[in-house]
Amino acid sequence: MSRKLWGENVARREDIRLVQGQGQFTDDRVLPGMLYAAILRSPHAHAKIRQIDVASAQKMPGVIKVYTGSMVSGHLGTIPTAWIPPDSQLKMVPHPPLAVDRVRYVGEAVALVVAQDPYQAEEALYRILVDYEPLPAISDPVQALESSSPRLHEEAPENVALHWKVGTDTDEVFSGADVVVRQTFRQQRLIPNPMEPRSALVQYNSATGDMTAWLTTQNPHIHRFLMSGILGIPEHKLRVIAQDVGGGFGSKIACYADEVLTAFAARDLMRPVKWTESRSEHFVATTHGRDHYDEVELAGTKAGRVLAVRVKTYANMGAYLSTAGPGVPTILFGLIVNGAYDIAQASAEVYGVFTNTTPVDAYRGAGRPEATFLIERIMDVYAREIGMDPVELRRINLIKKEQFPYTNPFGIVYDSGDYHQTLDLALKTLDYASLRQEREALRRQHKYMGVGFSTYVEMCGLGPSQVAGAVGFQGGLWESATIRLHPTGKATVLTGASPHGQGEETTFGQIVADRLGIPLEDIDVVHGDTDRVSMGWGTYGSRSTAVGGGALAKAADRIVEKAKIIAAHMLEVPVGAVQYDAGQFYPEGSRERAVGIQDVTLQAHLGWNLPEGVEPGMEVSAFYDPTNFTYPFGTHVAVVSVDPDTGEVKLLRYLAVDDCGPAINPMIVEGQVHGGVVQGVGQALYEGAVYDGDGQLVSGSFMDYAMPKARFFPRLETQRTETPSPHNPLGVKGVGETGTIASTPAVVNAVMDALSSFGVVNLDMPLTPPKVWQAIQTSMAKGGPS
Amino acid sequence: MIAAEIGYERAKTIEEALSLLSQDVDAKLLSGGHSLVPLMKLRLAQPSTLIDVSKIPELRTLDVESERITIGAGVRYFELLGDTRLEELMPVIAQATSVIADPQVRHRGTIGGAAVHADPTSDLAAVFLALEARFHIRSAAGRRIVPIEDWYLAPLTSALERDEMLVAVEFPRPIPRRQAYVKFSHPASGYALAGVAAIMDLTQHGLVQGAGIAVTGAATMPFRASTAEAWLQGRPLNAESVAMAAQVGADDGTYDADDGQYPAVYRKNLARVMLARALEKLAPQ
Ligand SMILES: Cc1cc2nc3c(=O)[nH]c(=O)nc-3n(C[C@H](O)[C@H](O)[C@H](O)COP(=O)(O)OP(=O)(O)OC[C@H]3O[C@@H](n4cnc5c(N)ncnc54)[C@H](O)[C@@H]3O)c2cc1C
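Residues numbered from 1 in each chain as written. Chains lettered and ligands numbered in written order. Predicted model: local features only at pLDDT ≥ 70, side-chain atom pairs only at ≥ 80, totals over all residues. Heavy atoms only, no water.

A.B. asks: Tell me about the site of the ligand, and please be specific about residues and values.
C.D. replies: All names here are of chain B. Taken together, 27 residues form the shell around the ligand, and within it Leu-29, Gly-33, Leu-36, Tyr-77 and Thr-110 come nearest. One of the backbone N or O atoms of Leu-29 is found 2.5 Å from an oxygen atom in the ligand. Burial of the ligand by the protein amounts to 90% of the accessible area it has alone, namely 960 Å². At the level of elements, β2 (28-30), α7 (111-117) and β10 (165-172) are the ones that each hand at least two residues to the shell around the ligand. Residue composition of the shell around the ligand, by class: 14 nonpolar, 10 polar and 3 charged. (Near = heavy atom within 4 Å. Polar contact = N/O pair within 3.5 Å; in protein donor to acceptor, adjacent residues only side chain to side chain. Areas by Shrake-Rupley, 256 points an atom, 1.4 Å probe, with all protein chains shown as cover. Helix = DSSP H or I, 4+ residues; strand = E, 2+ residues; numbered from the N terminus. Nonpolar A, V, L, I, M, F, W, Y, C, P; charged D, E, K, R; others polar.)

See below:
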């Protein structure tokens, strides 16, 4: 089959409306008679609610109604979690949409005001009088386990939300190993901050019982599924629309109290109600990411062969279990802590802990960045211990090309790869040998440069539904696609994936254009509307192209199959004698007689003369369930300088060599890598949510919470190799998260390399100037660089 | 994050603004709004009425005379950047202004707003101190001039009284020729963790004369590094003298602002490093 658009840098079709300001984001939408909601949030991390007095708020101009927890609790279900990892003793604690008698984190919803305009709604919040009785609070997951720490939930007397173990018995290897290195790591809490804050607009028709909810969601069908249960609205009566969504990074997976409350008010008041989060609210009310303490041990030989890794993790879950929260530090993390290395024995033990903080859920990479960070960092610690170049160490331990499919110690089967090839390409691109020489030369002038590697693999393209069930995800992970060819041969393509910045309107168009030989301009890709699109599971876990694209390929093939029968009839030859290429059907050897797929489609719609037994019309759906995850991999390298006077780290070069299988649109792949890398570097150097002892979020605005900014970065260099995945019809692997997964340890490894002459082995992220400077000072006090 | 309801008046003249200000004790002047409006959204400021002074022509003037340069309080940052006379006579103000935030902020923010807001991390604070700015003030009752020594009273508090208005900032001439502003930005806010303005002349023998050196951001209050200025007077500017001046200059500040992430010892070190870097820029090549 000719591949006309596959591999082409087709400009993103979605950008035209976005750059012209004609996107349709939830908050853009205005409905007649619409009311505005605002939410009062707890200023306390932990408190009893003695009383809520809404009388004066209720009398404020424009206020329609003020709701409290006790008013809604009988009418609304609780906010559920949808991931129950097996054998994790998960404590399913109740999470009421509005707090009733107790609040457990700063930002928890306490009351809802609905008013004529957003100003009136906000103003009324200041008039609600809540009598709180503050309780001691705890924000650190390790301290929360101490017996003297305050308890959050009766159902979890130890504050333990889950306790989960996986892997092989590593004790014997560790006790017999020549070299054992140990290191504790802190993977700090991050605040997602997509460009668009969350928003909900809900309309209810009391006559028909139909509800329409415009939501900022990455998975409209999951939202419909969960909200229908919470609200008691039958699924077929609830329509969820997510047209344009301005980024999610995992924070728009969860079903939130705010959305449910907005829907509740719309039904109760029989008027459309809109709620939109402010940026300040986003900091406390939208799920956070990461937040681990990890103890990592590695056993190996003096010659650099890794024998075993062992991880013990304390993961902060926040005050309640978010929708996918429990799956993140367990399934998406523990099963891949051996990384890209051929390690015979590995184990992970995870405590998920309740604290008085915002709930934690998926954040770009979700579990896999945490796992990758640990293995990539401990590899460098090991390399230093045995005096080996970290590149050499990686070369020895990387899974070899001939070992695929490779079963890791947790029973996960890596699909395909040539890990050494990406490493070699990276070394060649960088001229590693001369970089190392430069580093030595600079050191003699008391200048500090470092090079850091991350040879990662990750598990994405979530995923086979059977596995989803086995790991406790309360849903399927297949994907749906519908291709609807109209009489004129134009196509509407409907996908159950729900892109929100990733560019699938373009890449999916490219797939269909190629398979059906229809011009891209004749194809529209529709997503994010539960009434138009068949059941699907949405966009997260780098799954849309691998799984949604798989469904699409399957649907396109079915279209061709049907069209071929009609074409044979039109050509008056047996079906077996019809050739198909790029939208053209023709009898074997006589291309000049070809009929085009768009003509065939017209005939299918007219139905005047169809072959025996063929139904009219040209529309097919496909549901595709992959046989496995996909495993993109690569080598990322960071080159940094450290200013010893200020402690400032500068990124001098960044090279990403990734293999996500064949790239449908290399420009879009590169864009995903750029964004991902920047987010991962954000964790390494800049970002970090800080709670004080009382559970107050100290870093609650952009004044304190440092997002990575364009001026912090050099031009990012990208390269690719292409190893197809045998697990899906397109051979593609996910690439939405690889940058974030790979870059954090690459940068930290580079900084540790730069600081190696000061004897610094590890520093906690983010590697801020004062932290780095302090480490250098401490070393200076002991005699300075070696 | 929505401000409380407020009244709004646009003043056409200084007199009108002052009369409105004297009638309402809870009114506040609005210039570029880039400090005041964020505070109002957080409800840390809740003025009854905003008196918009941004359209008063007298506040938007820039006079260069032989004895002084006088910049109207309403002159916006970007206007300081484009002025060829300033470029020639006090390039340090353009250097400092060019690293304030981003183009949006620089097109709204004003020199007067920055002075009155008295943010201890304001970039222009270092320039005001190093160049010994004088603040021209008016109220319904009269006029006065406040010298820089008396201007900054506490973080976010200037010497301005409630019913007063800043009309202009004056920089006495002559201004030493060698000028530099260097800044180490907070990675989140972009404000100065340490900003240093330094000016001086060098005699034909290369000896320092009339140095004005000031630090913003690092300490509790922006401060003048007087000890460094005095120490440098009459000395050559070289690696040793720069290091010494930076050391003693950093000691001139009081560092009790411990915000956890940026502890006082670090801030003081940063003041020293940035002092050295500013002075290095002034050294002959
Ligand atoms: C995103 C952002 C980033 C920023 N980054 C920086 C930075 O890096 N460095 C930096 O130095 N600053 C920074 N700022 C602050 C900026 O410089 C402000 O604009 C400036 O501090 C205030 O000037 P304004 O004209 O906007 O004052 P306004 O906000 O209008 O007023 C500030 C205060 O001064 C009073 N006032 C204004 N004019 C007069 C007058 N003529 N007489 C009496 N009182 C008056 C007001 O009543 C108010 O109390 C930043 C601001 C923002 C929003």
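A.B. asks: Tell me about the interface of chain A and chain B, and name the residues and values.
C.D. replies: Every contact between the two is made by 27 residues of chain A and, on the other side, 22 residues of chain B. Carbon and sulfur atoms make up 59% of the area that chain A and chain B hide from each other, which totals about 1,900 Å². Inspection of the region where chain A meets chain B yields 3 salt bridges. In this structure, the salt-bridge partner of Arg-277 of chain B is Asp-643 of chain A, at a minimum N-O distance of 2.9 Å. At the surface where chain A touches chain B, the tally comes to 8 residue pairs in polar contact (both at pLDDT 80 or more). Of all the secondary-structure elements, those providing two or more residues to the side of chain A that touches chain B are α4 (118-125) and α20 (769-781) of chain A. (Contact = heavy atoms within 4.5 Å. Buried area = accessible area lost by both parts, 1.4 Å probe. Salt bridge = Lys/Arg side-chain N within 4 Å of Asp/Glu carboxyl O.)

A.B. asks: Tell me what's going on with a nonpolar patch on the surface, and back it up with residues and numbers.
C.D. replies: A cluster of nonpolar residues, Leu-602, Leu-606 and Trp-608 of chain A, forms a patch on the protein surface that exposes about 330 Å² of accessible area. By the secondary structure assignment, Leu-602 of chain A is in helix α17 (residues 597-606). (Patch = residues over 30% accessible without salt bridge, like charges linked within 9 Å, V, L, I, M, F, W, Y side chains within 5 Å.)

A.B. asks: A description of the pairing of strand β5 (residues 109-115) of chain A should follow, citing residues and the corresponding values.
C.D. replies: All names here are of chain A. Of all 7 residues in β5, 7 are buried; the element is thus mostly enclosed. Pairing of strand β1 (residues 35-41) with β5, which is carried by 6 bridges, proceeds in the antiparallel orientation. Each bridged residue has a counterpart across the sheet, and for Ala-38 the counterpart in β5 is Val-113. Two elements, strand β3 (residues 63-68) and β5, share 5 bridges in a ladder whose sense is antiparallel. (Buried < 20%, exposed > 50% of the residue type's maximum accessible area, 1.4 Å probe, protein only. Pairing = 2+ DSSP bridges.)

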